[in-house]
Amino acid sequence: MKKTTILLIICLLILTGCWDQDQLKDTRLAVGVGYDDYGNGELYQTTDIRVPKLDSSATGRPAVTSVIMHSTGATPRQSRMNLEKEVAGNYAPNKVLVYILGEELAKKDIYPIFDVLYRYPRNSLSAKIVVANGRAEDLLSLKVVEEKLVSDALLKIIESAENDTFIPRVSIQSVCPIIFNEGQDFGLPKIGKSDNDALKITGLALFNGKKYTGIDLGEDEASILLILNNEESKMARFNLKVNPEEKRKILQYVTVHAFPKKHDLKIKLSNNQQISAEVKIKLKVHVAAYPKDNLSSKKELQTLTKKINEELTRKAEHVISETQRANCDYLGIGKRVQAYYPKTWAKLDWNQTYPTIKITPKIQTQIIETGIIK
Amino acid sequence: MNEKSITLNQLFFVIVQAQIGISLLSIPFKAHKYAKGNAWISVIIAGLIVQIFVLIIWMLMKRHKGKTILEISQTVLGKYIGNLVNFSYLLYGVLVMSNVVILYADIIERWILETTPKTVMIFLIIATGIHLGKQNLRVIARFFTIVNVLVFLLFVLSFFAFSNNLSFTNLLPISQSSFTDMFKGSTQVTSALLGFEILLFIFPFVLGQEKQMLKKMTSAIATVVIIYLYFAVLTLATFSQKEIAIVPEPVLYMLKGLNFRVVERIDMIFLSYWIIPMTTSFVVYLYIASSAAGKMFHKGKRKYPVWYLSILVFGIAYFFSDAIQIQTFNHYTAVISLIFIFGIPLFLLLLSIIFKNRGIRA
């Protein structure tokens, strides 16, 4: 008993302090960070910092507001240190929701910007990463979008687009393995300002290695690319022009909800060392709107299915030719060649080869539902 | 005899806990250095190698029923050389303990507590270790059995990693590294499988037939190898080749990237409870070193050596601070350990066969 008491007292004496405490009241949480080129080779950092409102303590629920701050530096860490001199409190990057890269900056090697994020354990690796249409600074300077603080709004837009298969689910963490992989490239969501002074996803920025190629895919095209790469969320929506012969525009289109069923990517190596790839996709489709006709008979359904298949495949071919133009091996054909034909891979310069190989997409659909009417 | 007996199932859990610990976090990284994407094959090879070691230990222990290595060495080599061997096991125990503590403090400093002085962490680890290590074998074995729940928890956490984009093509092609490289990789994994040498010290205290014990030992090794294999494959599929080469703790890094609505930094939560399996490795070697010291200097009692050996470890651990030193220390510990898990048992076994268990003098 006496022993225990002594032990407890010792514990009390030695275990009172904590070296690593980090109290919320002392910190300034950064929630959105944008990087741009400053011109003289330095980085220009725009930071959205979340602070409690001055007069909010009386109202019970503390209100918060955004403060946009700018800083410069040769490296992200230096610009952060410059920023820390200004911020009233400890600058905390561990809750960053989104990182934005300016378009011009993204065209250079982007890994050096992220190195510090991977190295320092407190950074949030699950933060989203996007490319700005123009400068990152312009987006964050909006401060409030649709009555939401800009970084929150940005995150919401990204998340809902992810759920609709408009853009891939990318975070700082998920990009890293691909940056390091020679046999695969990636794309980042591209976000710009809309006419209503809101934010808008304008497409998918295609990267080659660590650099932005300057070539974007539109939203519809991005969805197709995601489906080709087996990356879709629960479903993807398409507006397809299946009846170009109709005069009224509204009658030309069908709107479908597509659900993934089967995905198959095969690599072939011909005798003369030519690589070709074939992507076979099977989708289940719900017809959401087909103003032209009803779909009561089997024959009509078959004709429509055929038209949808053709239209989707045509689009897929276009998307693939765009990725080849950008030299962005989004489907990771390179890493499959590396895995299955290592000898061929050793001889190849994949950057030279990818734009020249033949990739054949084949999309097959099956209409399984037409809504509550036929 | 100062130790109480343990059951066969407890033997299984003691071996599993002795092996699993801090090294689980870095398996694919170390093996990947040599074997590249074939690191998972290295894990299997290492498992087979360790199985051979265990077989040698088993044959040795079977020949000398009711004796630990400390007594066998004296029977076979005579009192003086025997004591020398026992003393070397003492030093080995201290060496590995220091290694465990150093790695442990280092990993916690880098991942969670950046500004906390290492001395404090080393102190806390050793203090906890003493608390368990001074108990008798049965208590230790019971505790190790409970701790296995945590391994199960790790599995549950790892399921979330399947929400990442896994690309299993990273594991191919098989020809990406030569067999020599795979073997080199497996020597790295072998050091992660260390801990089974506790068999040399607890074998006589297990209740059961020798054959049953061999079965339990084999299944323990197999369990650990399967767990390692699972994590090697999972992390290799998560990270690409060049990335894994710069991530020393791939399992932690993988967990860090996961994100849930309520919880972030799963790696911290994980590391906080993984401290327990890491401490069990410390306790295993504390047991080894203190048994050796007890046998030689204290008539078989481990009470005193537990304390002064721990203080010695504290002193050693105190001097290692920078990353390169730690790496070198870790490397040499792994090399030296081969003598103790393989060299000495084999040597003793051969001598016992030649001299029909009676020893050199007889």
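Residues numbered from 1 in each chain as written. Chains lettered and ligands numbered in written order. Predicted model: local features only at pLDDT ≥ 70, side-chain atom pairs only at ≥ 80, totals over all residues.

1. Focus on the overall build of chain A
Helix and strand counts for chain A stand at 13 helices and 15 strands. Seen along its three principal axes, the alpha-carbon backbone of chain A occupies a region of about 85 × 60 × 55 Å. In chain A, buried positions account for 37% of the 374 residues. (Helix = DSSP H or I, 4+ residues; strand = E, 2+ residues; numbered from the N terminus. Buried ≥ 20, exposed ≤ 12 C-beta atoms within 10 Å, placed from the backbone.)

2. Comments concerning the overall build of chain B
A count of helices and strands for chain B gives 15 helices and zero strands. Computed over the C-alpha atoms, the radius of gyration of chain B is 20 Å, within 12% of the 21 Å expected from 2.2 N^0.38 for a compact globule of 362 residues. Dimensions of chain B along its principal axes, counting C-alpha atoms only, are 65 × 45 × 35 Å. With 362 residues in all, chain B has 49% of them scored as buried. Sequence-distant contacts, at least 24 apart, represent 83% of the contacts inside chain B between residues at least 6 apart. (Rg over C-alpha atoms; globule rule 2.2 N^0.38 Å. Contact = placed C-beta atoms within 7 Å.)

3. Digging into the nonpolar core
By size, the foremost hydrophobic cluster in this structure holds 119 residues, and its most contacted members are Val43, Val101 and Tyr228 of chain B. Beyond its immediate sequence surroundings of up to four residues, Val43 of chain B is in contact with Ile27, Ala31, Val189, Val225, Tyr228, Leu229 and Ala232 of chain B. Core analysis: the next-biggest nonpolar cluster, separate from the first, contains 87 residues, Ile100, Val285, Ile308 and Trp345 of chain A among them. (Core = buried A, V, L, I, M, F, W, Y, C linked by C-beta atoms within 7 Å.)

4. Focus: the interface of chain B and chain A
Listed per partner, the contact involves 23 residues of chain B and 19 residues of chain A. The class makeup of the residues in the side of chain B that touches chain A is five nonpolar, twelve polar and six charged. (Nonpolar A, V, L, I, M, F, W, Y, C, P; charged D, E, K, R; others polar.)

5. Concerning the sheet that holds strand E14 (residues 275–289) of chain A
Residues and elements named next belong to chain A. Strand order in the open sheet made by the four strands is E12-E13-E14-E15, with mixed pairing throughout. Each edge of the sheet is formed by a strand with only one pairing partner; in this case those strands are strand E12 (236–241) and strand E15 (358–369). This sheet shows a mean twist of 40 degrees between the axes of neighbouring strands, independent of strand direction. Looking at chain direction, strand E13 (residues 253–269) and E14 are connected through 14 bridges and run antiparallel. Within E14, the position partnered with His263 by the bridge is Ile281. In this fold helix H8 (residues 219–228) packs onto E12, E13, E14 and E15, with an angle of close to 120 degrees to the strand it touches most, E12. Along the sheet face, helix H11 (residues 333–340) touches E13 and E14 and points at about 30 degrees away from the line of E13. (Pairing = 2+ DSSP bridges. Axes fitted to C-alpha atoms, helices over the stretch in contact; angles between N-to-C directions.)

6. Looking at the packing of helix H13 (residues 266–297) of chain B against helix H14 (residues 303–318) of chain B
Residues and elements named next belong to chain B. Contact geometry of H13 with H14 gives a least axis separation of 9 Å together with a crossing angle of 120 degrees. Classified by the interaxial angle, the pair formed by H13 and H14 is oblique. Relative to H14, the crossing made by H13 is right-handed. Note on element contacts: H14 touches H13 through Pro305, Val306, Leu309 and Ser310, opposite Leu286, Ala289, Ser290, Ala293 and Gly294. Here the residues of the contact of H13 with H14 are counted per class, giving six nonpolar, three polar and no charged. (Parallel < 35°, antiparallel > 145°, perpendicular 65-115°, else oblique. Left-handed = near helix turned anticlockwise from the far one by under 90°.)

7. Focus on the pairing of strand E1 (residues 27–37) of chain A
Residues and elements named next belong to chain A. Of the pairings in the sheet, the one linking E1 to strand E4 (residues 90–92) comprises three bridges and is parallel in character. Residue Arg28 lies in a different strand from E4, and its bridge partner there is Tyr91. Pairing geometry for E1 and strand E2 (residues 43–52), over eight bridges, is antiparallel. Looking across to E2, one finds that Ala30 is bridged to Ile49. Between E1 and E2, which pair antiparallel in sequence order, lie five residues; one of them, Gly39, sits at a positive phi of approximately 110 degrees.

8. Observations regarding helix H8 (residues 179–192) of chain B
All names here are of chain B. End to end, H8 covers 20 Å across 14 residues, agreeing with the expected 20 Å (1.5 Å per residue, within 8%). Burial in H8 covers these residues: Met182, Gly185, Ser186, Gln188, Val189, Thr190, Ser191 and Ala192. On its buried side, H8 packs onto helix H2 (27–35), helix H3 (39–63), helix H10 (210–238) and helix H15 (323–354). (Expected span 1.5 Å × (residues − 1).)

9. So, the environment of Ser281 of chain B
All names here are of chain B. Of note, Ser281 is situated in helix H13. Overall, the presence of 26 C-beta atoms within 10 Å leaves Ser281 in the buried class. It is 10 Å that separates the C-alpha atoms of Ser281 and Val16, two residues lying 265 residues apart in sequence. Among all residues touching Ser281, those that are not within four sequence positions of it are Ala18, Gly21, Ile22, Val100 and Gly195.

10. As for the environment of Gln274 of chain A
Examined against the element boundaries, Gln274 of chain A turns out to sit in the loop between E13 and E14. The spatial distance from the C-alpha of Gln274 of chain A to the C-alpha of Lys358 of chain A is 8.8 Å, given a sequence separation of 84 residues.

11. Observations concerning unusual backbone geometry
Residues other than glycine seldom take positive phi values, yet Thr165 of chain A does so here, at roughly 55 degrees. Relative to the helices and strands, Thr165 of chain A resides in the loop between helix H6 (150–163) and helix H7 (172–180).

12. Quick look at the confidence of the model for chain B
Chain-level statistics for chain B give a pLDDT mean of 83 and a share of 97% at 70 or above. Taken together, the chains of this predicted complex give a pTM of 0.83 and an interface ipTM of 0.76. (pLDDT = per-residue confidence, 0-100.)

13. Describing the packing of helix H6 (residues 118–133) of chain B against H13 of chain B
Any two packed helices are characterised by how steeply their axes cross, that is the angle between the axes, and by the distance between the axes. All names here are of chain B. Where H6 contacts H13, the two axes come as close as 9 Å, and the packing angle between them is 60 degrees. Relative to H13, the element H6 is oriented oblique. Of the two elements, H6 crosses H13, and the hand of that crossing is right-handed. Two secondary-structure elements touch here, H6 through Ile125, Thr128, Gly129, Leu132 and Gly133 and H13 through Thr279, Phe282, Val283, Leu286, Tyr287 and Ser290. Residue composition of the contact of H6 with H13, grouped by class: six nonpolar, five polar and no charged.

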